[in-house]
Amino acid sequence: MDTKIIEICEENIDRSKMEEMGKIIAGGGLVAFPTETVYGLGANALDETAVRRIFAAKGRPADNPLIVHVCALEDAVQVVREIPPAAAALFRAFSPGPLTVIMPKAPGLNDAVTAGLDTVAVRIPAHKTARALIAAAGVPVAAPSGNLSGKPSPTEPAHILADMDGRADGIILGGSCAVGVESTVVDVTGDIPVILRPGGVTQEMLEDVLGRVDIDRHVLEAAGTADKPKCPGMKYKHYAPDAEVTVVEGGMHAVREKIRVLLRERPAGKIGVLAYAGGVYDADLTLYAGADNQAYARNLFGALRAFDQAGIETVFAEFCGDMGYGLAVRNRLYKSAAGRVIYVGDKEGKQ
Ligand code: TXA
Ligand code: MG
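Predicted model, so just to flag it, every value in this text is computed and none were measured.

Caption draft 1: How the structure looks around the packing of aromatic side chains. Scanning the model with the defined rule gives one aromatic pair in all. Both rings, one in Tyr 276 and one in Tyr 296, keep their centres 5.0 Å apart while their planes meet at 75°; by these two values the pair is edge-to-face. Here Tyr 276, found in strand β13 (residues 271–276), pairs with Tyr 296, found in helix α9 (residues 293–309); they are 20 residues apart in sequence, far enough to count as distant. Of the two residues, Tyr 276 and Tyr 296, neither departs from the other in class, the shared state being buried.

Below, the structure is given as structure tokens:
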């Protein structure tokens, strides 16, 4: 397939180029686009054939539902049956932004978007280019992350080109994604709201608005071990680079000591370390995730792809602390490590 590739600067959006991309979506095509979380692969959510093309382009299992993107909550009326008060409160507080809310779906919404569930995921992105695309399309836009299924989500132009050039009708390049991990997914259809996927909007932030908010127990399980997760995406091996990742978790000092021991054991092949700022290792490639977990979130997926590009076969990833962005980072790290987690303990890790 010939993919039309354009570059858009968020601060100076070329309207005529966006019209062209909007028309592709309105006409049943696929357009990859930047958001504040990760790049997405969009189609008209109301067009079942177009939505099915997303699954084909990504190699995504049909039982993993998509998120519908709109510019404002009113625009969700075509896809939801009702807007529960908790959903309205969350959108008021955190949208536009990295938050997705699960609501009862409209009876007429096609099953491809929701994978046959009676609920639908809705998100109001903040990225100006994403919003301009949705407005130009004139329809709600169903969009999963724009990676090939099973690969780390794309957070840079090079990532979305690598995965979607030749598979999407259009690609909008728009620089790096500021958040770097996908949106927080919250289900408000039960008695107590539940976080199905942690992201930039944290449990503490949600509880400030709603009172008690639980975290689905699958959030911290490695992919593949989950039985019947509420968020179908949880059961797939996500974010998995070719390299074998092992997470080393605990207090910073103990984590670094442990990784040095592991490096001295010299596993076969090229070895990489993903470290917070200041970690010095005798590895083939050490990549720095930043000074804190917010930076780690921004850099994680790019680092996983970079290890693969460098032919690294074993990665040891430092992880400390699960407050704030920490839970989102830990969730993605655990999935990329498919259960290989070494706890080195000590209080520092639980700060
Ligand atoms: O930040 C994001 O959310 C990005 C950008 C492009 O907006 N999108 C994204 O989509 O991450 P995706 O498809 O990669 O992840 C959507 C997650 C999946 O884990 C899926 O199972 C879950 O949301 N989901 C979608 N609809 C659902 C529903 N009705 N009930 C429960 N989980 C749902
Ligand atoms: Mg995804």
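Caption draft 2: Inspection of unusual backbone geometry at higher detail. With an omega of 0°, the peptide bond running from Ser 95 to Pro 96 counts as cis. Residue placement: Pro 96 occurs in the loop between α3 (85–94) and β5 (99–104). Here the phi dihedral of Ala 115 falls at roughly 55°; this positive angle occurs in a residue that is not glycine. The exposure class assigned to Ala 115 is partly exposed, which follows from its relative accessible area of 24%. Positioned with a positive phi, Arg 266 is a non-glycine residue whose angle comes to about 40°. You can call Arg 266 partly exposed: its relative accessible area is 43%.

Caption draft 3: Quick peek at the environment of Glu 7. Mapped onto the fold, Glu 7 is located in strand β1 (residues 4–7). Between the C-alpha atom of Glu 7 and that of Gly 199, which follows or precedes it by 192 residues, the distance is 27 Å. Every residue in contact with Glu 7, bar those within four places of it in the chain, is listed here: Lys 17 and Leu 173.

Caption draft 4: Examining the pattern of salt bridges more closely. Within the structure shown, the criterion is met by 15 salt bridges. Note that Arg 123 is salt-bridged to Glu 36, the shortest N-O span being 2.9 Å. Highlighted residues: Arg 123 in strand β6 (residues 119–123) and Glu 36 in the loop between β2 (31–33) and β3 (40–44), separated in sequence by 87 residues. Note on Arg 123: relative accessible area 2%, which makes it buried. The exposure class assigned to Glu 36 is buried, which follows from its relative accessible area of 10%.

Caption draft 5: Region of the structure containing the layout of surface pockets. Within this model, the second largest pocket holds a volume of roughly 200 Å³. Lining the second largest pocket are 14 residues, with Ala 162, Asp 163, Arg 305, Asp 308 and Gln 309 positioned closest to its centre. Per-element accounting of the lining of the second largest pocket gives the leading share, six residues, to α9. Class assignment for the residues of the lining of the second largest pocket results in six nonpolar, three polar and five charged.

Caption draft 6: View of the sheet that holds β13. Judged by pairing direction, the sheet is parallel, and its five strands sit side by side in the order β14-β13-β15-β12-β16 without closing on themselves. Because the sheet does not close on itself, it has two edges, and the strands there are β14 (285–290) and β16 (341–345). The mean angle between the axes of side-by-side strands here comes to 20°, regardless of whether they run parallel or antiparallel. Two strands pair when backbone bridges link them, and strand β12 (residues 244–250) and β16 are joined in this way by four bridges, in the parallel orientation. Looking at β16, one finds that Gly 250 is bridged to Gly 345. On the sheet, α9 packs against β12, β13, β14 and β15 (314–319) and is oriented at approximately 150° with respect to β14. Contacting β12, β15 and β16, helix α10 (residues 326–337) runs over the sheet at an angle of about 140° to β12.

Calculation rules
Residues numbered from 1 in each chain as written. Chains lettered and ligands numbered in written order. Predicted model: local features only at pLDDT ≥ 70, side-chain atom pairs only at ≥ 80, totals over all residues. Heavy atoms only, no water. Phe/Tyr/Trp six-rings, centres within 6.5 Å; stacked < 30°, edge-to-face > 60°. Helix = DSSP H or I, 4+ residues; strand = E, 2+ residues; numbered from the N terminus. Buried < 20%, exposed > 50% of the residue type's maximum accessible area, 1.4 Å probe, protein only. Contact = heavy atoms within 4.5 Å. Salt bridge = Lys/Arg side-chain N within 4 Å of Asp/Glu carboxyl O. 1 Å grid on protein atoms, 1.4 Å probe; cavity = no way out; pocket = protein on both sides within 12 Å on 5 of 7 lines; lining within 4 Å. Points joined across faces, edges and corners; volume = space filled by probe spheres on them. Nonpolar A, V, L, I, M, F, W, Y, C, P; charged D, E, K, R; others polar. Pairing = 2+ DSSP bridges. Axes fitted to C-alpha atoms, helices over the stretch in contact; angles between N-to-C directions.

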